[in-house]
Amino acid sequence: MPRRGLPLQGRVRWLFLGLFLLLVLLLFAYLLECTPPADVSLILPGETYGKEYYQALLQEQEERHLNRAASLKRQIAQLKQELQEMSEKLKVLQEKKELPGVPGLADKDQEPGDLLEYLHSQIDKAEVNTGARLPSEYALVPFESFTSSKVYQLEMGLTRHPEEKPVRKDRRDELVEVIEAALDIINNPDEEDGVEDDVPMQRQTYTDGHFTEGLYRTERDKGTLYELFFAKEDSSSFRHVTLFRPFGPLMKVRSTSVETSGMIINIIVPLAGRAETFSQFLQNFREVCIQHDRRVHLTVVYFGQEGLQEVTSSLEKMSREESFSNYTLIPVDEEFSRGRGLDIGAHAWKKGDVLMFFCDVDIHFTLEFLNTCRLHAAPNKKVFYPVVFSLYNPAIVYGNLELAPPVELQLIHKKDAGFWRDFGFGMTCQYRSDFLNIGGFDLEVKGWGVEDVHLYRKYLRSDMIVIRTPVSGLFHLWHEKQCADELTPEQYRMCIQSKAMNEASHSHLGMLVFREEIEAHLRKQAFKTQSKTED
């Protein structure tokens, strides 16, 4: 009589054989990698080099091989652990199947036979190649952004900070491993990575110093997705590596080149009044966009007549002094509507598709943000919704408005200085074609707030990938907020919520609430000190 466990035993043997062969291939690759190639093609005829040159070259190759060896050792250890865990699971399954009186157990919740196929299925479930349709703005899992030394995070609680160094060793090792893995992919490209074979030194040009920024997010039922960007100094060409850890060994998804030199950003600013704030905005625009980036177009949609002449003069003055003509001023004799202004600005562009940045006049951005905007939006694929760091009222933060430092010195990521404005969806980078295809703003909405959320929800319910992450180079400058009586109840509630959160941190507001108690305590302490002195 044939045994019921034979098919499963055969499958277990094939699985063990496959994992064993995988380990052998990794060890073989490790041995090949640790054998330094005798590359004499880089030495031109007639050239001589000193001892220091060869010592530096040997040291560089040795460091590279050591890093590669450490990375392979970690991967081998992970595979061994996976093999052990899979062996234990299959052993338990086999024992359960051989138990009498448990019919049909093998057909229910059976582990995938092909481990690699299962891991790739996790990639398909995650939002790597296409977006998932989500019911609301609260369903999206936001990314957290990081550099080689800092992590910018939304979830702070009472102990974490908006900007932190990764203190925990596991978090620090994770990010270091991801950067090392990405560098290994870039410097040792596969044929599928699209790197030309005739490009000299391609395999050894990138180091961890070329890492510019990264994003990551973890979905509990899928794994952790990483997006990493590398660039040489003063270069507009980026290397983009996507990695995915499906609760197992790190897997490469793709490695591509991103050329940003031809990506124009049309910065669209709806405006009514606020001429002084607009002058401050233009100063930031001059320093970042004109004097350094120069791949931008500014579109200002101005509502009403009051202050229009002053805004026109400011733009003309900037144009003369900076020899800059890439701007458009669109006067609109209507009541102010942010959505209407952005819609007019988007339709005014007549030069084909363009990357748009929907911006407010009280936003301060850095040169690095412009490239972040370019890297995280792609036509018919991705839209970028950065989370702005909103600065608190400087009169409260610094004790007195007259004592507040210049704006440039207020741009810090501290708990008492500001907060991540994760309930705001007004700042966004997206292509004009995507904005038009999705249907744009709901132009029936007047006044403050809700039209941004409506547009955001449209993208969530489409096949587009929505990138949502805190960005270090985007700040909302504090200004006094007025909530008009004409707003609908929902708009008024959102406006009041924004106003309350915009004033000060939890601790600073607490100091204001208990000011009388604190002053009474200080008076008592001063009286006690004075009494002791007199005695």
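Residues numbered from 1 in each chain as written. Predicted model: local features only at pLDDT ≥ 70, side-chain atom pairs only at ≥ 80, totals over all residues. Heavy atoms only, no water.

- Going by what an unreviewed UniProt entry lists, the protein is known as Hexosyltransferase and is assigned to Pundamilia nyererei.
- Word for word, the UniProt comment on the protein under Catalytic activity (unreviewed entry) is "3-O-(beta-D-GlcA-(1->3)-beta-D-Gal-(1->3)-beta-D-Gal-(1->4)-beta-D-Xyl)-L-seryl-[protein] + UDP-N-acetyl-alpha-D-galactosamine = 3-O-(beta-D-GalNAc-(1->4)-beta-D-GlcA-(1->3)-beta-D-Gal-(1->3)-beta-D-Gal-(1->4)-beta-D-Xyl)-L-seryl-[protein] + UDP + H(+)".
- The UniProt entry for the protein carries the following comment under Sequence similarities (unreviewed entry): "Belongs to the chondroitin N-acetylgalactosaminyltransferase family." (UniProt positions renumbered as here; feature names shortened; annotations may be inferred.)

**Re the pattern of salt bridges**
- For the structure on display, the rule yields 13 salt bridges.
- For the salt bridge of aspartate 463 with arginine 133, the shortest nitrogen-to-oxygen distance reads 3.0 Å. In this pair, aspartate 463 sits in the loop between helix H12 (450-460) and strand S16 (465-476) while arginine 133 sits in the loop between helix H3 (115-125) and strand S1 (144-146), placing the two residues 330 residues apart along the sequence.
- Its relative accessible area of 43% is what places aspartate 463 among the partly exposed residues.
- Taking the shortest distance from any N to any O, the salt bridge between arginine 286 and glutamate 322 comes out at 3.6 Å. Here glutamate 322 lies in helix H6 (residues 308-322) and arginine 286 lies in helix H5 (residues 275-293), a separation of 36 residues in the sequence.
- One continuous salt-bridge network, built from bridges that share partners, spans Arg286, Glu321 and Glu322. (Salt bridge = Lys/Arg side-chain N within 4 Å of Asp/Glu carboxyl O. Helix = DSSP H or I, 4+ residues; strand = E, 2+ residues; numbered from the N terminus. Buried < 20%, exposed > 50% of the residue type's maximum accessible area, 1.4 Å probe, protein only.)

**Describing the nonpolar core**
- Ile267, Phe281, Phe285, Phe357, Phe365 and Phe369 are the most contacted members of the largest nonpolar core, which totals 55 residues.
- A total of seven residues in this core trace back to one element, the largest contributor, which is H5.
- Three or more residues apiece are contributed to this core by two domains, here domain 1 (123-186 + 206-257) and domain 2 (263-508).
- In terms of nonpolar packing, the next biggest core, distinct from the first, is built from 23 residues, Leu134, Val383, Phe435 and Met494 among them. (Core = buried A, V, L, I, M, F, W, Y, C linked by side-chain atoms within 4.5 Å. Domains from an automatic or database assignment.)

**Observations concerning the pairing of S16**
- Of all 12 residues in S16, 11 are buried; the element is thus mostly enclosed.
- Here three bridges tie strand S12 (residues 363-365) to S16, and the two strands are oriented antiparallel to one another. Each bridged residue has a counterpart across the sheet, and for isoleucine 363 the counterpart in S16 is histidine 476.
- Sheet topology note: the strand S13 (residues 382-391)/S16 ladder contains eight bridges and is parallel. Bridging across to S16, phenylalanine 384 finds its partner in isoleucine 467. (Pairing = 2+ DSSP bridges.)

**Structural notes on the packing of aromatic side chains**
- Here the structure, examined in full by the defined rule, presents 23 aromatic pairs.
- Centroid distance phenylalanine 358 to phenylalanine 435: 5.4 Å. Interplanar angle 85°. Geometry classified as edge-to-face. Placement of the pair is phenylalanine 358 in strand S11 (residues 355-358) and phenylalanine 435 in helix H11 (residues 432-438), with a sequence separation of 77 residues.
- Here phenylalanine 358 falls in the buried class, since its relative accessible area comes to 0%.
- Given the relative accessible area of 0%, phenylalanine 435 is considered buried.
- Consider the rings of phenylalanine 419 and phenylalanine 423, whose centres lie 6.2 Å apart with planes at 20°: the pair is stacked.
- For phenylalanine 423, a relative accessible area of 22% translates into the label partly exposed.
- One aromatic cluster is present, built from ring pairs that chain together Phe278, Phe281, Phe285, Phe324, Phe357, Phe365 and Phe369.
- When the ring centre of tyrosine 206 is taken as origin, the NZ or CZ atom of lysine 232, which lies over that ring, is 5.9 Å away. (Phe/Tyr/Trp six-rings, centres within 6.5 Å; stacked < 30°, edge-to-face > 60°. Lys NZ or Arg CZ within 6 Å of the ring centre and 35° of its normal.)

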